[in-house]
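Coordinate inspection notes
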Amino acid sequence: MAKRFAFRFETMLKIRRQREDEHKRIVAARLREIAAAQEQLAVFHRQIREELAAIRSRVSATVPIGVTFDLHANLTRKRMDAATFVIGYRTNPHRDHYDVGYSAGEILMKTIRGEVKHVMAWRKMKLLKGGGINGDFLSPMSPIFNAMRKMEKDPRVLSVSDFPVHIWLDYPELGWSTVAVTDGDRTLAEKLADEIADEAVEMTAFEDFVTEEVRNGRSILGLYPATDEQTPKDFAAWRQKNGR
Ligand SMILES: [Zn+2]
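It should be emphasised that the depicted structure is a prediction, and the values quoted were computed from it without experimental measurement. (Residues numbered from 1 in each chain as written. Predicted model: local features only at pLDDT ≥ 70, side-chain atom pairs only at ≥ 80, totals over all residues.)

1. Brief notes about the overall build of the chain
Each helix and strand in the chain was counted, giving six helices and five strands. For the chain, the sequential pattern of α-helices and β-strands runs α-β-α-β-α-β-α-β-β-α-α. Rg of the C-alpha trace for the chain: 25 Å, well past the compact-globule value of 18 Å for 244 residues, more than 25% over. Along the first, second and third principal axes, the C-alpha atoms of the chain reach 95 × 55 × 30 Å. By residue count, 24% of the 244 residues in the chain fall in the buried class. Sequence-distant contacts, at least 24 apart, represent 65% of the contacts inside the chain between residues at least 6 apart. (Helix = DSSP H or I, 4+ residues; strand = E, 2+ residues; numbered from the N terminus. Rg over C-alpha atoms; globule rule 2.2 N^0.38 Å. Buried ≥ 20, exposed ≤ 12 C-beta atoms within 10 Å, placed from the backbone. Contact = placed C-beta atoms within 7 Å.)

Structure follows, in structure tokens:
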């Protein structure tokens, strides 16, 4: 009896060890795949960065280069130095590639014809928005995009962009950026880049509020995104209480 039990026990252990080995093999293979994908992504990002600089190095500083970026793009000093102006997608999930490309082309054509003199201002913040929902039509991002659309109603404003970047990127220069391009108005460009940056900081206040509420046991439903009409009221009260 004891012998049979020992045999069964041994067999179970063996199967379990085999399963564990199999799991380890799968995890190791997945990690290798992720590392390879990350490496490819890094190469791709390096290429974009260097291509922009390469294009700039081949043309004179007066040749306008307009660039469109995914709003998850990480704007770096090198990229911004190479570009004359930058426009970002304003939809997430992205569905405005064509419109953004068209706008960039339009600004370029107007520049070439001497109809506009673009001035670009940008801000880079040590700010990352946590994962979760950041669709353009939902709170907390929708108020920022609405504010940007209002800014663009001013004929002096050629474009404004917001780059909340992506938290899973691995760059020393990683952070949220904002960009404003105006027709010859430096002060306005600086002011608008600041205003969008302020909106971004405001938004993180909302996320801190959400984090606290969830830690206190509140459900995420209706809270984030703030589809429940009680949420903005609670947020206002929280801000008052916390001086945010
Ligand atoms: Zn994206």
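2. Quick notes on the environment of glutamate 202
Along the chain, the position of glutamate 202 falls in helix H5 (residues 186–215). Judged by C-beta crowding, with 14 C-beta atoms within 10 Å, glutamate 202 ranks as partly exposed. Between the C-alpha atoms of glutamate 202 and arginine 244, which are 42 residues apart in sequence, the distance is 8.5 Å.

3. Observations concerning the nonpolar core
The biggest cluster of nonpolar side chains holds 40 residues, and the ones touching the most others in it are Val86, Phe163, Val179, Ala180, Ala193 and Ile196. Broken down by secondary-structure element, the contributors of at least two residues to this core are strand S2 (85–88), helix H3 (97–112), strand S3 (118–124), helix H4 (142–151), strand S4 (157–163), strand S5 (177–183) and H5. Looking at which element gives the most residues to this core, the answer is H5, with ten residues. Discounting chain neighbours no more than four positions away, the residues touching alanine 180 are Ala121, Val160, Ala189, Leu192 and Ala193. (Core = buried A, V, L, I, M, F, W, Y, C linked by C-beta atoms within 7 Å.)

4. Describing the packing of H4 against H5
A pair of packed helices can be characterised by two numbers: the angle between their axes and the separation between those axes. For the pair H4 and H5, the least separation of the axes is 10 Å and the interaxial angle reads 165 degrees. Taken together, the axis directions place H4 and H5 in an arrangement best described as roughly antiparallel. H5 is crossed by H4, and the crossing has right-handed handedness. Two secondary-structure elements touch here, H4 through Ile144, Ala147, Met148 and Met151 and H5 through Leu192, Ile196, Glu199, Ala200 and Met203. (Axes fitted to C-alpha atoms, helices over the stretch in contact; angles between N-to-C directions. Parallel < 35°, antiparallel > 145°, perpendicular 65-115°, else oblique. Left-handed = near helix turned anticlockwise from the far one by under 90°.)

5. Side note on the pairing of S5
Of all the seven residues making up S5, six are buried; the element is thus mostly covered by neighbouring parts of the structure. Note: S3 against S5, seven bridges, orientation antiparallel. Residue pairing across strands places alanine 121 opposite alanine 180, the latter belonging to S5. Inspection of the sheet shows S4 paired to S5 by six bridges, in the antiparallel sense. What sits directly across from serine 161, in S5, is valine 179. (Pairing = 2+ DSSP bridges.)

6. Digging into the sheet that holds S5
Across the sheet, three strands lie side by side as S3-S5-S4; this open sheet has antiparallel pairing. Taken across any chain shown, the strands that pair with only one partner, and hence form the sheet edges, are S3 and S4. Geometrically, the sheet is characterised by an average inter-axis angle of 10 degrees between neighbouring strands, direction not taken into account. Contacting S3, S4 and S5, H5 runs over the sheet at an angle of about 155 degrees to S5.

7. A short note on helix H6 (residues 230–242)
Residues lying three or four places apart along an α-helix face the same way, a consequence of the helix completing one turn every 3.6 residues. Taking 1.5 Å per residue as the helical rise, H6 with its 13 residues ought to reach 18 Å, and the 18 Å between its terminal C-alpha atoms agrees with that figure. Remark: glycine 243 follows H6 within two positions and exhibits a positive phi of approximately 60 degrees. (Expected span 1.5 Å × (residues − 1).)

8. Digging into unusual backbone geometry
The omega torsion of the bond from asparagine 92 to proline 93 falls at 5 degrees, within 30 degrees of zero and hence cis. Residue tyrosine 224 is joined to proline 225 through a cis peptide bond whose omega torsion reads 5 degrees. For proline 225, the location among the structural elements is in the loop between H5 and H6. Despite not being glycine, valine 165 shows a phi value in the positive range, around 60 degrees. Tracing the chain through its elements places valine 165 in the loop between S4 and S5.

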